[in-house]
Amino acid sequence: MFNIQHALNINKLFKDFNNREMNQFLISSQYRTIDYQSGQVIAIEGEPLTEIGLVLDGIVEIQKNYPSGKTVVINQLAIGNVFGEVAIFSSKKVFPSTISSVTKSKIMFVNKINVLKICLQNEKLLKNLLQLLSEKILILDQHLKFLSGETIRQKICLYLLEHYREQQALKIHIAVSREKMAEQFGVARPSLSRELNRMKCEGLIELDKHAITIKELSAIENVL
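Remember, predicted model here, so these are calculated numbers, not experimental data.

K.L.:
Go over the overall build of the chain, please, and point to the residues and values.
P.N.:
For the chain, the count of helices and strands is 8 helices and 11 strands. Overall, the C-alpha framework of the chain stretches about 60 × 40 × 35 Å when taken along its three principal axes. Taking all 224 residues of the chain together, 43% fall into the buried category. Taking as baseline every contact in the chain between residues at least 6 positions apart, the subset at least 24 positions apart corresponds to 70%. Within the structure as shown, the chain displays about 12600 Å² of accessible surface, and the carbon and sulfur contribution to it stands at 54%.

This is the structure in structure tokens:
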């Protein structure tokens, strides 16, 4: 039998919750769970948004679909992640992006009214929700920085400098694939790979499978 409480224990919304508080949430939230198959759409951009979704199992993908047929993957969410918590408190109250299940997944849905009610009853949930919202705003700001570069090289340098500041090291560990990095930059993967190889040939960086080492920090900064 699937253990919902175990899945929620690693969710940032329930940081510092004890067993009593977790049980109270499960009772008060009047949640529902839905199982999705790989490739199944969970929500479509523009649909009414009345619930937040908590990923209990599997991986889901946040996508932006364009009239031309192009699809850009904004993010992937695994167990412990939440979606819909930003837009649900906006005036539009619609899904800003399409959400699809990459693998088999299980999602818990909690109505906005119940979320607000529990926040009034439990200060921890309110604090965790505000922290989650703040972190997502910072991540969005980071993505906008990457997209602000006029050239692919500028986008790469913005990315490297941002992670250099975060990791405090010239060897930048990259958690995403080249394909995902290209999607973050809004460019084609082959174009990104060509520019990375050019920078390597110029002695600016070294490339590994899961890392990029900055060889000439001042030159990277001068690109901007």
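K.L.:
Please provide a residue-by-residue account of the packing of helix α6 (residues 178–185) against helix α7 (residues 189–201), values included.
P.N.:
Put simply, α6 and α7 touch, their axes get as near as 9 Å, and they point 100 degrees apart. As summarised for this structure, α6 and α7 are arranged roughly perpendicular, according to the angle between their axes. Here R178, E179, M181, A182 and F185 of α6 come into contact with α7, specifically with R189, L192 and L196. Its residues assigned to classes, the contact of α6 with α7 comprises 5 nonpolar, no polar and 3 charged.

K.L.:
Talk me through the nonpolar core; I want residue IDs and the actual numbers.
P.N.:
Taken as a class, soluble globular proteins show a tendency for nonpolar side chains to be buried jointly. One finds L8, L13, F14, L54, F83 and M108 to be the most contacted residues of the largest nonpolar core, which totals 37 residues. Among residues more than four places away in sequence, those in contact with L13 are I52, L54, V82, L125, N128, L129 and L132. Counting residues in each nonpolar core, the second largest holds 20 residues, with I156, C157, M181 and A182 among its members.

K.L.:
Outline the side chain of R153, listing residues and values.
P.N.:
Structurally, R153 is set in helix α5 (residues 152–167). Since its relative accessible area comes to 17%, R153 is described here as buried. Residues contacting R153, with those up to four places away along its chain left out, are E195, R198, M199, E202, L204 and V223.

K.L.:
Talk me through the state of the cysteines; I want residue IDs and the actual numbers.
P.N.:
Each disulfide consists of a covalent bond between the sulfur atoms of two cysteine residues. As enumerated under the stated definition, the model contains 0 disulfides in all. Distance from the sulfur of C157, which forms no disulfide, to the nearest cysteine sulfur (C201) is 15 Å.

K.L.:
So what's going on with helix α3 (residues 112–121)? Residues and values would help.
P.N.:
Where α3 is concerned, the buried positions are N114, V115, I118 and C119. For α3, the buried positions fall inside an angular range of 140 degrees around the axis, keeping them on one side. Among the exposed residues of α3, those pointing more than 90 degrees away from its buried face are I113, L120 and Q121. Sitting at the head of α3, N111 places a side-chain oxygen 2.8 Å from the backbone nitrogen of I113.

Calculation criteria
- Residues numbered from 1 in each chain as written.
- Predicted model: local features only at pLDDT ≥ 70, side-chain atom pairs only at ≥ 80, totals over all residues.
- Heavy atoms only, no water.
- Helix = DSSP H or I, 4+ residues; strand = E, 2+ residues; numbered from the N terminus.
- Buried < 20%, exposed > 50% of the residue type's maximum accessible area, 1.4 Å probe, protein only.
- Contact = heavy atoms within 4.5 Å.
- Areas by Shrake-Rupley, 256 points an atom, 1.4 Å probe, with all protein chains shown as cover.
- Axes fitted to C-alpha atoms, helices over the stretch in contact; angles between N-to-C directions.
- Parallel < 35°, antiparallel > 145°, perpendicular 65-115°, else oblique.
- Nonpolar A, V, L, I, M, F, W, Y, C, P; charged D, E, K, R; others polar.
- Core = buried A, V, L, I, M, F, W, Y, C linked by side-chain atoms within 4.5 Å.
- Disulfide = S-S within 2.5 Å.
- Arc of directions from axis to C-beta.
- Polar contact = N/O pair within 3.5 Å; in protein donor to acceptor, adjacent residues only side chain to side chain.

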